[in-house]
Amino acid sequence: MNFEQIEALKELLSTSKRIAIIPHKNPDGDAIGSTLALWHYLTKKGHRADVLAPNDFPKFLKWMPGADQIINFERNNSETKKRITEAELIFTLDFNDFGRVGQMSESLQNATAKFVMVDHHQEPSDYATVMYSDVSMSSTCEMVYNLISYLGDLDLIDKDIANCLYTGIMTDTGSFKFKATTSKTHRIIADLMDKGAENTEIHHRIYDTNSPSRLHLLGCALKNMVILKEFNTAYITLSQEELDRYNYEKGDTEGFVNYGLTLEGIRFAVIFIENREEGIFKISFRSVGEFSVNDFARKHFDGGGHHNAAGGKSERNLEETISYFTSLLPQYKTALTQ
Ligand code: 5GP
Ligand code: MN
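Residues numbered from 1 in each chain as written. Chains lettered and ligands numbered in written order. Predicted model: local features only at pLDDT ≥ 70, side-chain atom pairs only at ≥ 80, totals over all residues. Heavy atoms only, no water.

(A) View of the overall build of the protein. Across its full length, the protein carries 14 helices and 12 strands. Taking 2.2 N^0.38 as the reference for a compact globule, 338 residues should give roughly 20 Å; the C-alpha atoms of the protein span a radius of gyration of 20 Å, in line with that estimate. Within the protein, the fraction of its 338 residues that count as buried is 52%. Across the protein, the fraction of contacts at a sequence separation of at least 24, relative to all contacts at a separation of at least 6, is 65%. Computed over 36 positive and 47 negative side-chain charges, the separation of the two mean positions in the protein equals 1 Å. (Helix = DSSP H or I, 4+ residues; strand = E, 2+ residues; numbered from the N terminus. Rg over C-alpha atoms; globule rule 2.2 N^0.38 Å. Buried < 20%, exposed > 50% of the residue type's maximum accessible area, 1.4 Å probe, protein only. Contact = heavy atoms within 4.5 Å. Lys, Arg positive; Asp, Glu negative; His and termini not counted. Charge placed at Lys NZ, Arg CZ, Asp CG, Glu CD.)

Right under this line is the structure:
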């Protein structure tokens, strides 16, 4: 954040405001962690803030302090719209385009509030009065920590805020191993621990919550994996029928896509997950090295994200989706194999 942006934000927050804080649809640890951390902080500063989520979030995030206060647009449609209309300031966190909030995008487009964007994805849209966008950041939670620091309020980070920020940094960095993890990230994590973040408990609450059916679903996913050695690519499919068979619950497929990359030599891993209700396959893309899944998802699957982790969707059926996907690979052969 540069000096002008910090001063503009200070000015916006200099009097008590009605504030809406929005994560993206299907919020993950970073989206929920950053919105709740900011909510605790702004509430402490005397603002009237709400976290308004486009839809529900996984069970393994429900323990987070303040999670029970999140208003869900899918469940409380009119209440959410009302709060967006009433807001004087809207923070959008962990996304940078209204296309990422599903049905809620119309309300955001019609809002009269000023927008503040805090986000680390590529190619931000131009809707924010204050735009803190940095693709080099490990996570939006790291950016919320910086934002609080720029506003001179690190002393206000208590155990609840520390737990929220720790969670988002941990989940978005694959437990501090992805490339965007810097020495600065580790210094922030150390400070969050000094401020009360319960590191061991957080790892346990997020990662040790398997149900037997989730492990069976993982087994099914791994059995379905197809390896295209010629393109150093591995992909997994999960049909709605398979999800139903293993009593799929939101969040159950989190992390499945990463198994492809644990195969020696594989540089591109993909998972296609059917969502019959929405009539789509939701797709996750992961890569190692130079191959940009952000570009790939943006160009071919109406998506985007980061250089090595992105998402998208397909409205075709499974067979057509896979044949379209595999038909694209030859043009990327050099990038995937050189
Ligand atoms: P995941 O595969 O874990 O759902 O998402 C990986 C990354 O891509 C995340 O940073 C997420 O925000 C982003 N992402 C996932 N789906 C989409 C999408 O449909 N459009 C865009 N622009 N980004 C996405
Ligand atoms: Mn993130």
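(B) Highlighting helix α2 (residues 29-44). For α2, built from 16 residues, the straight-helix expectation of 22 Å at 1.5 Å per residue is met to within 8% by its first-to-last C-alpha distance of 22 Å. Across the 16 residues of α2, 14 count as buried, placing the element largely inside the fold. Just downstream of α2 lies G46, where phi reads positive at about 95°. (Expected span 1.5 Å × (residues − 1).)

(C) Here's a closer look at the site of ligand 1. Neighbouring residues of ligand 1: 13 residues in total, closest R100, H121, K282, S284 and R286. Here an oxygen atom of ligand 1 and a side-chain polar atom of R286 are 2.8 Å apart. Between ligand 1 and G304 there is a distance of 3.0 Å, counted from a nitrogen atom to a backbone nitrogen or oxygen. Every element with two or more residues in the shell around ligand 1 is listed here: β10 (280-287), β11 (304-305) and β12 (309-314). At four residues, the largest contribution of residues to the shell around ligand 1 is made by β12. Per-class residue counts for the shell around ligand 1 are two nonpolar, eight polar and three charged. (Near = heavy atom within 4 Å. Polar contact = N/O pair within 3.5 Å; in protein donor to acceptor, adjacent residues only side chain to side chain. Nonpolar A, V, L, I, M, F, W, Y, C, P; charged D, E, K, R; others polar.)

Function cannot be read off these values alone, since they describe shape.
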